[in-house]
Amino acid sequence: MDIKRLYIFILLVFSFPMMGQIKNELQISTQKLMPLKLSDFAEMQDSILLDKKPEMCQFQWFSDQYLYLAGINMVYQYHLSGKYIRSFDCGGFVLGIAGDDVKRELYIPVSKDDQISLNCYDYSGNLLRKFSLGHSVSACVHFENEVWMIQNFIQADTVYYELSKIDCMNGDISKLGVFHKDYY
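Residues numbered from 1 in each chain as written. Predicted model: local features only at pLDDT ≥ 70, side-chain atom pairs only at ≥ 80, totals over all residues. Heavy atoms only, no water.

**Regarding the packing of aromatic side chains**
Here the structure, examined in full by the defined rule, presents nine aromatic pairs. Ring centres 6.2 Å apart and planes at 65° place the aromatic pair Trp 61 and Tyr 123 in the edge-to-face group. Taken together, the residues Trp 61 in strand S1 (residues 59-62) and Tyr 123 in the loop between strand S8 (115-122) and strand S9 (127-133) connect sequence positions 62 residues apart. For the pair Trp 61 and Tyr 123, a shared accessibility class is recorded, and that class is buried. Taking the centre distance of 5.0 Å and the plane angle of 45° together, the rings of Phe 88 and Tyr 121 count as tilted. You can see Phe 88 sitting in strand S4 (residues 84-89) and its partner Tyr 121 sitting in strand S8, a full 33 residues away along the chain. Taken individually, Phe 88 and Tyr 121 each receive the classification buried, so the pair is uniform in this respect. An aromatic cluster is built from Trp 61, Tyr 66, Tyr 68 and Tyr 123, whose rings are joined through pairwise contacts. The lysine or arginine in question, Lys 52, covers the ring of Tyr 84, its NZ or CZ lying 4.2 Å from the ring centre. (Phe/Tyr/Trp six-rings, centres within 6.5 Å; stacked < 30°, edge-to-face > 60°. Helix = DSSP H or I, 4+ residues; strand = E, 2+ residues; numbered from the N terminus. Buried < 20%, exposed > 50% of the residue type's maximum accessible area, 1.4 Å probe, protein only. Lys NZ or Arg CZ within 6 Å of the ring centre and 35° of its normal.)

Remember that the coordinates give geometry; whether it matters functionally is a separate question.
What follows is the structure in C-alpha cells.
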C-alpha cells in the first residue's frame, strides 16, 4: 500500500515545477544537445483529431472510451475518435480534472466566488455531488475511490502546499501533510 501512496504523491508533485517558489538555474550547453523523438521512448504514438475545437484546454483526462478537455469553466467530451459529444459548464473556474472509469464519474475542483469545491459529475455532465474544500487545488488524481490533491494557500506571505485526499462518496478529507518552499 505504501508504494501506491508514493506513486500518487509523485503524480501530484509533478505539477510543482509550474507552481514552484524556488529559482533554480540549469546551465545547458547547446553544443551537446541531441534531438529527441517521441519514437525514441514510446512504442507507438497516435493523435486524436477533434472535429470541434474547444475554446481552451487547460486539463485533460482519458477514460476507456472518452476524452475530456477542461477549459476555463467548461468541460468538453469527445469519443477517442475525436467526435464531439457534448460540453457542460462547471459554474466556476476549473482547477483540474480526474475520473473513475469504473463508476463513470468525473471529479472536477472548481473555484467560484472565493469558494473551492470538488464537483462530482457523471460522464454526461450531470452534477451528482459537491464537496467544499478549504484551499485551491494545484493538481488532482483519482485513486481507489479517493481524489488525491495538492492544495495551496498563502499564510503570512508564504505559499504552503497541502497533500490531502477526499473520499468521493462522503466527502471525508484526510490531510496528509503541509509543506512550503523550503521543503522541496
